[in-house]
Amino acid sequence: MAQAYVWLITGANRGIGLEMVKQLLQSPSNIVVAASRNPAKATELQGLAEKANGKLHLVILDVTDKESINKAAKEVAGFLGGKGIDYLINNAGVILGGEDTAFSLDVDILTKTFVTNVAGPAYVTQAFIGLVEKSEKKTVVNISSTVGSIGSDFGAIGASYAISKAALNMLTYKEAKEKPEITVISMCPGWLQTDMGGPNASHPVSVGVEGVLKTILSLKPENSGQFFNFQGQHVPW
Ligand SMILES: NC(=O)c1ccc[n+]([C@@H]2O[C@H](COP(=O)([O-])OP(=O)(O)OC[C@H]3O[C@@H](n4cnc5c(N)ncnc54)[C@H](OP(=O)(O)O)[C@@H]3O)[C@@H](O)[C@H]2O)c1
């Protein structure tokens, strides 16, 4: 039997997270932990779990709530029974500031955006790092965005969100420097047709996620601390 890999995805109940779960379950060697704020209302995840022969676990995890993260980490360690998490995907994220700019942004919105998009992944990774270190692949993926890349020059609007993703990229760099034994990357999934990306986004969610998973599966340890897009290309910081 092929080597089984364990994946944990935050924000797995809709959008990019849900599509990742769907595509990963197509390979019987994957074990998927789908984390979301309210699995009891996540009907699509529940439907997938019914058909997954025990390969899909649903857990409650709100990335802005330390207690919920700690509880999830304990629960996951319990049912994995000694196994680690090969791929920890910090996917949950928000855009709250719309088209705000540096001189118009509301600092409360900026703070809230940071709590979910930066502090969330930082704490989730702290809480789950023991399980990641136990695994074979030892990989953490912070789902970022090219709009947080200064080198990609996206202009003035969407400031709160872009600032949060630039900060998330620095988190990736710091995590990679502190723990060279794990692989940590930032990943832009592309502009995808989800609730966040909207119906006019350039790619269907399935296309972006296919590219994201292909890129993650081809990572080498020397890629740690780098920023990729869903086509496997480097994104400038
Ligand atoms: N779509 C794009 O074009 C695009 C482009 C670049 C980067 N991204 C990034 O990709 C990631 C996923 O985006 P998406 O398009 O799938 O967005 P989406 O359709 O808006 O879904 C966002 C997901 O994040 C979850 N979430 C938000 N706050 C949370 C919290 N406090 N705790 C746990 N889960 C939380 C949501 O859960 P609820 O259902 O409970 O709200 C939902 O599952 C985000 O990090 C986003 O910034 C997206």
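The structure this text deals with has already been given above.
The notes below deal with the structure included here. Throughout, a residue's number is its position along its own chain's written sequence, starting from 1. Reporting of local features is limited, given that this is a predicted model, to residues whose pLDDT is at least 70; pairs of side-chain atoms are given and counted only at 80 or more, and all residues count toward the totals for whole chains, interfaces and linings. Side-chain calculation: all heavy atoms of the structure are included, whereas hydrogens and water are not.

What follows concerns helix 3 (residues 66-80). With 15 residues, helix 3 should cover 21 Å at 1.5 Å per step; its first-to-last C-alpha distance of 21 Å lies within 8% of that length. Each residue gets one of three labels from its accessible area relative to the maximum for its type: buried under 20%, exposed over 50%, partly exposed in between, using a 1.4 Å probe on protein chains only. Comment: elements are numbered from the N terminus, with helices defined as DSSP H or I runs of at least four residues and strands as E runs of at least two. Residues S68, I69, A72, A73, V76 and L80 constitute the buried set of helix 3. The arc that holds the buried residues of helix 3, viewed along the axis, is 135°, so those residues lie on one side. Exposed residues lying more than 90 degrees from the buried face of helix 3 are E67, K71, K74 and G78. Definition of a polar contact: a pair of N or O atoms within 3.5 Å, with one able to donate and the other able to accept a hydrogen when the atoms are protein atoms, and with sequence-neighbouring residues admitted only if both atoms are side-chain atoms. Measuring from the side-chain oxygen of the N-cap residue of helix 3 to the backbone nitrogen of E67 gives 3.0 Å; that N-cap residue is D65. The first or second residue beyond helix 3 is G81, which carries a positive phi of 50°. What a helix should span is 1.5 Å times the count of its residues minus one. Relevant arc is that of directions from the helix axis to the C-beta atoms, nothing else.

The subject of this paragraph is the sheet that holds strand 7 (residues 226-229). By the convention used here, strands pair only if DSSP detects at least 2 bridges between them. With parallel pairing, 7 strands are arranged side by side in an open sheet as 3-2-1-4-5-6-7. The open sheet is flanked by strand 3 (56-60) and strand 7, the only strands paired with a single partner. On average, each strand axis in the sheet is tilted by 20° relative to the strand beside it, whichever way the strands run. Taken together, the 6 bridges between strand 1 (residues 5-10) and strand 2 (residues 30-36) define a ladder with parallel strand orientation. Bridge assignment links T10 to a residue of strand 2, and that residue is A35. Lines are fitted to the C-alpha atoms to define the axes, a helix being fitted only along its stretch in contact, and any angle between axes, read from their N-to-C directions, falls within 0 to 180 degrees.

As a further point, take the packing of helix 4 (residues 107-133) against helix 5 (residues 159-178). In a pair of packed helices, the angle between the axes and the distance between the axes together describe the arrangement. Running from amino to carboxyl end, helix 4 crosses helix 5 at an angle of 20°, the nearest separation of the two axes being 9 Å. Judged by the angle between their axes, helix 4 and helix 5 are roughly parallel. Between helix 4 and helix 5 lies a crossing of right-handed hand. Of the residues in helix 5, those touching helix 4 at I109, L110, T113, F114, N117, V118, P121, A122 and T125 are S160, Y161, I163, S164, K165, A167, L168, L171 and E175. Each angle receives one of four descriptions, namely roughly parallel if under 35 degrees, roughly antiparallel if over 145, roughly perpendicular if within 65 to 115, and oblique otherwise. Two helices crossing with the near one rotated counterclockwise from the far one by less than a right angle form a left-handed crossing, whereas a clockwise rotation gives a right-handed crossing. Contact between two residues is taken to exist if any of their heavy atoms lie within 4.5 Å; hydrogens are not considered.

Oppositely charged side chains are able to pair whenever their charged atoms sit close together. Salt bridge, as used here, is a side-chain nitrogen of Lys or Arg placed within 4 Å of a carboxyl oxygen of Asp or Glu. Counted by the stated rule, this structure contains 4 salt bridges. For the salt bridge of R14 with D195, the shortest nitrogen-to-oxygen distance reads 2.8 Å. Taken as a pair, R14 in the loop between strand 1 and helix 1 (15-25) and D195 in the loop between strand 6 (183-188) and helix 6 (205-217) lie far apart in primary sequence, 181 residues in all. Among the residues examined, R14 registers a relative accessible area of 48% and is labelled partly exposed. Under the relative-accessibility criterion, D195 is labelled exposed at 62%. One salt bridge in this structure joins E133 and K179, with 2.9 Å as the shortest N-O distance.

Turning next to the site of the ligand. The rule for a residue being near a molecule or strand is that one of its heavy atoms must lie within 4 Å of it. In the vicinity of the ligand there are 28 residues, among which N13, R14, R37, Y161 and T194 approach most closely. A distance of 2.7 Å separates an oxygen atom of the ligand from a polar side-chain atom of R14. In the environment of the ligand, an oxygen atom lies 3.0 Å from a nitrogen or oxygen atom belonging to the side chain of K165. The accessible surface values rely on the Shrake-Rupley method and a 1.4 Å probe; as for residues, cover is taken only from the protein chains in view. Against a free-state accessible area of 900 Å², the protein chains account for coverage of 93% of the ligand. Going through the elements one at a time, helix 1 and helix 5 are the ones with two or more residues in the shell around the ligand. When residues are grouped by polarity, Ala, Val, Leu, Ile, Met, Phe, Trp, Tyr, Cys and Pro land in nonpolar, Asp, Glu, Lys and Arg in charged, and all others, Gly among them, in polar. Per-class residue counts for the shell around the ligand are 11 nonpolar, 12 polar and 5 charged.

This next bit is on unusual backbone geometry. At N53, a position not held by glycine, the phi torsion is positive, near 50°. Tracing the sequence through the fold places N53 in the loop between helix 2 (43-51) and strand 3. The class for N53 is exposed, based on a relative accessible area of 74%. Positive phi values are uncommon outside glycine, yet D153 reaches one of about 55°. In this fold, D153 is placed in the loop between strand 5 (139-143) and helix 5. The class of D153 is exposed, set by a relative accessible area of 65%.

Here we take up the packing of aromatic side chains. Classification of ring pairs rests on two measures: the distance between centres of Phe, Tyr or Trp rings, Trp counted by its six-membered ring, which must be within 6.5 Å, and the angle between planes, read as stacked under 30 degrees, edge-to-face over 60 and tilted in between. Here the structure, examined in full by the defined rule, presents 3 aromatic pairs. Centroid distance Y5 to Y87: 6.2 Å. Interplanar angle 80°. Geometry classified as edge-to-face. On the criterion of sequence distance, the pair formed by Y5 in strand 1 and Y87 in strand 4 (residues 87-90) is long-range, its members being 82 residues apart. Here the two residues Y5 and Y87 agree in accessibility, since each one is buried. Centroid distance W7 to Y87: 4.1 Å. Interplanar angle 25°. Geometry classified as stacked. With W7 in strand 1 and Y87 in strand 4, the pair connects residues that are 80 residues apart, well separated along the chain. Note on accessibility: W7 and Y87 belong to one class, buried. A network of ring pairs unites the aromatic residues Y5, W7 and Y87 as a single cluster. For a Lys NZ or an Arg CZ to count as sitting over a ring, it must be within 6 Å of the ring centre and within 35 degrees of the ring normal. Note that K66 overlies the ring of Y123, its terminal NZ or CZ placed 5.2 Å from the centroid.

All we've got here are geometric facts, nothing functional implied.
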